[in-house]
Amino acid sequence: MGNESVSKDLVLEAIQVSKEVSSPEGSLTILSDVSFRIVAGESVAVVGPSGAGKSTLLALLAGLDLPTRGHVVLNGANLSELDEDGRAGVRADSVGFVFQSFHLVPSLNALENVMLPLELAGKSDARTAARVIIEQVGLKDRWSHYPSQLSGGEKQRVAIARAFATEPAVLFADEPTGNLDAGTGANIMELMFNLNRSSRTTLVLVTHDISLAERCDRILSLDAGRLVSDSEAAA
Amino acid sequence: MKAVAFALRTFGRELRSGEVLVLLAAVGLAVGALTAVGFLTDRIGKAVARQANEVLAADLRLRSQEPVPAAWSELAAGYGLDTAETMSFPSVVFAGDNSALASINAISEGYPLRGTVRVADQLFGEQREVEGIPESGEVWADGTLLARVGADIGDVLSVGELDLRVSAVLTYRPDQSIGFASLAPSLLMNAADISRSGLIGEGSRVSYALLVAGDEGAVTAFNEAIQDKLPESVRIRSQEESSERAYNAADRAQRFLSLTAVMSLLLSAVAVAMSARRFAHRRMDTVALMKSLGATQGFVIAVALIQLMLLGVLGVVVGSIAGFAAEELLSRILVDLIASDLPNPGLRPVVLASGSAMVLLLGFALPALIQLRNTPPLRVLRHDAMPPPPSRLLVSGLSLAAVAALLYGSVGDPRMLVILIGGIMVIAGALYLVGRGLVALIGRFRSGVGVAWRYGLANVARRGRASAVQVVAFGLGLTVLLLLTLVRTDLLEGWRQTLDADAPNHFLINIQPDEVNAVGAFFEKNGVKVPRFTPLVRARMTTINGTSVKDREYPNDDGRWLANREANLSWTAEMSPSNELLQGEWWPADYDGPPLVSIEEESAINAGLKIGDRLKFFVAGQQVEAGIASIRKVNWDSFQPNFFIVLSPGALDGMPTTYISSMKIEDDQQSMLVDLVRSYPSISVIDLGAILEQVRGIIEKASLAVQAVFVFTLAAGVAVLFAAVQSTIDERRFESAMLRALGARRRTVFFGVMAEFAALGVAAGILASAGASILAAVVAVQLFQLPYEFNPLLWVIGLTAGVLLVCISGFFAARGAINAAPADVLRMAT
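Every value quoted in this text rests on a predicted model; they were computed, and no experiment measured them.

Enquirer: With reference to specific residues and values, describe the overall build of chain A.
Expert: On a plain count of helices and strands, chain A comes out with eight helices and ten strands. Counting every position in chain A, which comprises 235 residues, the buried fraction comes to 49%.

Quick look at the structure:
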């Protein structure tokens, strides 16, 4: 890959990203000098033991938090140079999320939860678009149910529908099967990879499930805040 | 625009979810309570004011030494006001060979415009209310006058050149207290007869009055319109200047009502504040999520603000309906109390209450919303990521500003406002500090108690700041409730006692020095306690510190009037028990030095007098000069003879003196008054029963009103407690599920939660009892000028109420949390 084509297809870049937090025992380093590039359409797994800094890295990549040093470029925008509203704008345009604990709005039903990012992005046909995608995730008959009336797998389907609804450039998934049993988890991942392929979205998946990670194009391994390997997945 | 559309679209969903119902209820209750309180204050305030106006027999009374020009009554009619005219003058009345001095009151059709005239059909007989005025050719005469001239109903009295038939015994006219110290017994006659009486002519001492009454706004407008056109000789009297006693009572009634209104407002404020905090807190996760999905800060705050306002409007609608219903109900229940002929206040209380609720909502919810704006989007990944707490200055500044603005609007009395705000702030601060101390202390007890208590006490200690905030909310709510209970009972009781059942109901004036002993013996013979006789000397003040009273500068017109009018002086060795020494010293009982003088407090202020000033009086051709030795406060409610100016013994020796006295005469002893005035024709008897009745009526109305309003305040107080418990309900739900999942029995969890509430209740109860005692003392002494006695029962009630109320409202609020199936709760993480 030549330099030119890399910069053309580059979606996400971490440049010497470090994160430190202050604690009663003094400054604590959570991430240290992490650098990598991710191009459009790639699916990348971030793996590592608990406390390795996976979720912190995800937060920095999505602009939910800012690095202490270094910077993140998301879809051409240097997040460190933007204020909170600027970063929110970048997320509205190009980011989708799937969380381990689903994070549905309890007062909204399934369809309304999917409509939320569309409405935030000012889409006029939010309801129609949301209906289409909620059918795609197989919840055609459950759209009017509230989160408390849905099973864990169904909640995560709603969350996935919500993530893909805006056709984001990058989809961040944080342990999406962490709260699900093995069978449901496998179905959910199948759904996610399928949607990912059909919409050519870039996927960044945080997990400690190696079999899941191996279904991605690339695996980034973190340990104690450092990037210890960056390899093509076996699959 | 996007935010508006989004807020509107999602508002319905928020409502459906039931998440916002607590705030909705708090706002609704606030509006309902404030509407009802506003309605009652308006109604009863007007009723009390009107009763006080009875003393004028009008809303406005224009007195003049000249006939009142017809143009003025025409002007008043132009404002849609009712008018009547009176002419008053002293004249000798004859019945056969007997004669007596009478105060003639010629009245025109319509008199009195406020209050009613009462007459009896026999001397000192039972009285009845009467409409209209005496027919032409007839008079209604005071019983004392009839007794003095030996006449009865049906007899003819000669008044000037007229012979008029007595058709009734006059027992009461509303304006009889005006200038009563110089009053001879009254005679009411028709103004149409006056021109034929020959009594009014050059040099006659006639006092003319135009009585005006009607709609409050029109009276005010008329009053303002005539201010510039008034000749020197005309003096206007309105309610504020009318009878000192009736006004005192009316004024206190208003203060009681505004105090109650203020308390409801404060309670509503606390309830709204607690639920607004919860409203903001519960939205934190949603805001973090929306931000992670790309919503800007401006967007989330706009949506939250719009939804808060929508919620406020909805609360206002619900509350207004409740308020209107309460108004209707109250009008029916208190039909005798609230002057049904007054114009309905209509939408005014509702509008005021709604505005107040919105101001409260904004003042208390804005800081929380501003904090919401800074919620880090990181919270979607790390649930412990919290927005930085809002600046304390902002929180306290905004909420204080909201409360102060509203309080000023409803109290309108800066002094009361400062006392209240100061008191509430000190109590809230003390509650918070002691709350934190208690929370720390409780942690030490937990090792020595059973598992339920350990869990409960550990909770109190662990929640630290939140526990302290709850103690403040509970404590404030309780303080207000206790304070109102005190106001209702102790203060009202104290007020009633100032008008004890033995309060004198008759004044005797114009007793000659040589009659004093004989009159005393007369009363003793008739079984009436021999009253104290107080000397009275008519005088004019001539100079103050050597400057003529005419040329001197005065702080205000009342002071000028006081110094220039004919004054009633008295002397005494010992200060009257109804007086209180404020400055200087009272002279010794055996004092015989140079003349000293004691001045009543307000007169001293109005006329700009201070200790050491020298006053010179002109009495029957002689000069008396005295230095001011003391300044007194006079309790006019005592109905004892009292004077603005009192001199030391000996100062007025040899001056023309009469005596006055007051006593309690029972209804069945009235007939001896006939004998008294026959034996001592110069003595005038003034019946104060009617005025006493007026004051008592005002007190009774105010008491009833305070109690009715109290019910609403109580509801607001319970709402506070409920909101305080609700604010921690999510945490409790999760914890109890956890404990039960770990194998705790429901009983254990339940007792643990109750132990926590009990501990909070004890803390709040102690603090509220202390706070209410202090505030009540301040309110009683500073605002109502009533003595306050410490009431130990308050502490018992405070502690019991603290534990019971907190535990009961805690039980209802936390019941669901304790009973929920652990699996459901733990799976709820959405």
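Enquirer: Could you give me a rundown of the overall build of chain B, with the residues and numbers involved?
Expert: Helices and strands together make up the secondary structure of chain B, namely 23 helices and 22 strands. The buried share among the 830 residues of chain B stands at 47%. A fraction of 84% describes how many contacts in chain B between residues 6 or more apart in sequence connect residues 24 or more apart.

Enquirer: Talk me through the sheet that holds strand β8 (residues 202–206) of chain A; I want residue IDs and the actual numbers.
Expert: Residues and elements named next belong to chain A. Taken together, six strands build an open sheet; the order of strands is β6-β7-β8-β3-β9-β10 and the sheet is mixed. Each edge of the sheet is formed by a strand with only one pairing partner; in this case those strands are β6 (95–98) and β10 (226–232). In this sheet, neighbouring strand axes are inclined to one another by 15° on average, regardless of whether the strands run parallel or antiparallel.

Enquirer: Outline helix α5 (residues 126–136) of chain A, listing residues and values.
Expert: All names here are of chain A. Within α5, the full set of buried residues consists of A126, A130, I133 and I134. Projected down its long axis, α5 shows its buried positions confined to an angular sector of 105°, all on one face. Residues of α5 that are buried in the fold lie against α4 (110–120) and α6 (152–165). Positive phi shows up at G138, right after α5, with a value of about 85°.

Enquirer: A description of the sheet that holds strand β5 (residues 77–78) of chain A should follow, citing residues and the corresponding values.
Expert: All names here are of chain A. If you walk across this open sheet you meet the four strands as β2-β1-β4-β5, and the pairing is antiparallel. With partners counted over all chains shown, the strands left at the sheet margins are β2 (26–39) and β5, one partner each. As paired strands, strand β1 (residues 10–23) and β2 are joined by ten bridges and run antiparallel to one another. The residue of β2 that forms the bridge with E13 is R37.

Enquirer: Quick rundown of the packing of α6(A) against helix α7 (residues 182–199) of chain A? Include the residues and the values.
Expert: Residues and elements named next belong to chain A. Look at α6 against α7: their axes get within 10 Å of each other, and the N-to-C directions meet at 15°. Regarding the angle of α6 to α7, the classification is roughly parallel. As α6 packs across α7, the resulting crossing turns out to be right-handed. Within the contact between the two elements, α6 uses G152, G153, Q156, R157, I160 and F164 and α7 uses T184, N187, I188, L191, M192, L195 and S199. Among the residues making up the contact of α6 with α7, the classes are represented as six nonpolar, six polar and one charged.

Enquirer: How would you explain the packing of α4(A) against α6(A) if you had to name every residue and give the values?
Expert: Residue and element names in this part refer to chain A. Axis separation between α4 and α6 bottoms out at 8 Å; the angle between their running directions is 25°. With respect to each other, α4 and α6 are oriented roughly parallel. Two packed elements cross with a definite hand, and for α4 against α6 that hand is right-handed. Contact residues: α4 offers A110, N113, V114, L116, P117 and L118, while α6 offers V158, A161, R162 and A165.

Enquirer: Outline the nonpolar core, supporting the account with residue identities and numerical values.
Expert: Formed by 190 residues in total, the largest nonpolar core has its most connected members in V46(A), L61(A), A30(B) and V272(B). Listed in part, the 95 residues of the second largest apolar core include L56(B), L170(B), L615(B) and L652(B).

Enquirer: I'd like to hear about helix α15 (residues 516–525) of chain B, residue by residue, with values.
Expert: Burial runs low along α15(B): only one of the ten residues are buried. At the exit of α15(B) stands G527(B), carrying a positive phi of roughly 75°.

Enquirer: Please provide a residue-by-residue account of the interface of chain B and chain A, values included.
Expert: Taken together, the 23 residues of chain B in the interface contact 32 residues of chain A. Residue assignment for the side of chain B that touches chain A shows that the elements contributing at least two residues are α1 (2–17) and α8 (284–292) of chain B. Of the residues assigned to the side of chain B that touches chain A, the class counts are eleven nonpolar, seven polar and five charged.

Enquirer: Describe the pairing of strand β19 (residues 622–634) of chain B, listing the residues and the values that go with them.
Expert: Residue and element names in this part refer to chain B. Relative to β19, strand β16 (residues 579–584) runs antiparallel, the two being bridged by five bridges. Among the inter-strand pairings, L581 is bridged to a residue of β19, identified as R632. By the bridge criterion, five bridges tie strand β17 (residues 596–600) to β19 in an arrangement that is parallel. Its bridge partner lying in β19, S598 is registered against S630. If you look at the hairpin formed by strand β18 (residues 614–619) and β19, you'll find two residues sitting between the two strands, and A620 has a positive phi there, around 45°.

Enquirer: Hey, could you go over the environment of A401(B) for me, with residue numbers and the actual values?
Expert: Counting through the fold element by element, A401(B) comes out in helix α11 (residues 392–411). Linking A401(B) and L360(B), residues 41 residues apart in sequence, is a C-alpha distance of 9.6 Å.

Enquirer: I'd like a description of the confidence of the model for chain A, backed by residues and values.
Expert: Residue and element names in this part refer to chain A. In this model, chain A carries an average pLDDT of 87, and 95% of its residues clear a pLDDT of 70 or more. Averaged over each element, pLDDT in chain A is lowest for helix α1 (residues 3–9) (51) and highest for strand β4 (residues 69–74) (94). Counted against residues more than four places away or in other chains, residues 1–7, with its pLDDT under 50, gives two contacts.

Enquirer: Talk me through the confidence of the model for chain B; I want residue IDs and the actual numbers.
Expert: Keep in mind that low pLDDT regions are not for reading the predicted coordinates in detail. Residues and elements named next belong to chain B. Confidence in the prediction of chain B, expressed as mean pLDDT, is 78, and 77% of residues score 70 or more. When the elements of chain B are averaged for pLDDT, helix α23 (residues 822–827) gives the smallest value, 59, and β17 the largest, 93. Of the two predicted TM-score estimates for the complex, the pTM is 0.62 and the ipTM is 0.86.

Enquirer: Quick one: what's the story with the environment of T657(B), residue by residue and with numbers?
Expert: Residue and element names in this part refer to chain B. Mapped onto the secondary structure, T657 falls in the loop between β20 (645–647) and β21 (658–663). Classification of T657 by C-beta neighbours within 10 Å gives partly exposed; the count is 19. In the structure, T657 is positioned 119 residues away from R538 in sequence and 7.9 Å away in space, judged by C-alpha atoms. Those residues within four positions of T657 in sequence are excluded, and the remaining contacts are P513, P535, L536, V537 and L652.

Enquirer: How would you summarise the environment of S356(B) if you had to cite specific residues and measurements?
Expert: Residue and element names in this part refer to chain B. Its place among the elements puts S356 in helix α10 (residues 348–373). Judged by local crowding, S356 falls into the buried class, with 27 C-beta atoms found within 10 Å. Apart from residues no more than four positions distant in its own chain, S356 is found in contact with L34, L265 and L406.

Enquirer: Describe unusual backbone geometry, with residues and values.
Expert: Residue and element names in this part refer to chain B. The omega torsion across Y111 and P112 is -10°, close enough to zero to call that bond cis. With respect to the secondary-structure elements, P112 resides in the loop between β3 (98–107) and β4 (117–120). The backbone of N545 shows a phi angle near 50°, a positive value even though the residue is not glycine. When you line up the elements, N545 lands in the loop between β13 (534–544) and β14 (547–548).

Analysis parameters
Residues numbered from 1 in each chain as written. Chains lettered and ligands numbered in written order. Predicted model: local features only at pLDDT ≥ 70, side-chain atom pairs only at ≥ 80, totals over all residues. Helix = DSSP H or I, 4+ residues; strand = E, 2+ residues; numbered from the N terminus. Buried ≥ 20, exposed ≤ 12 C-beta atoms within 10 Å, placed from the backbone. Contact = placed C-beta atoms within 7 Å. Pairing = 2+ DSSP bridges. Axes fitted to C-alpha atoms, helices over the stretch in contact; angles between N-to-C directions. Arc of directions from axis to C-beta. Parallel < 35°, antiparallel > 145°, perpendicular 65-115°, else oblique. Left-handed = near helix turned anticlockwise from the far one by under 90°. Nonpolar A, V, L, I, M, F, W, Y, C, P; charged D, E, K, R; others polar. Core = buried A, V, L, I, M, F, W, Y, C linked by C-beta atoms within 7 Å. pLDDT = per-residue confidence, 0-100.

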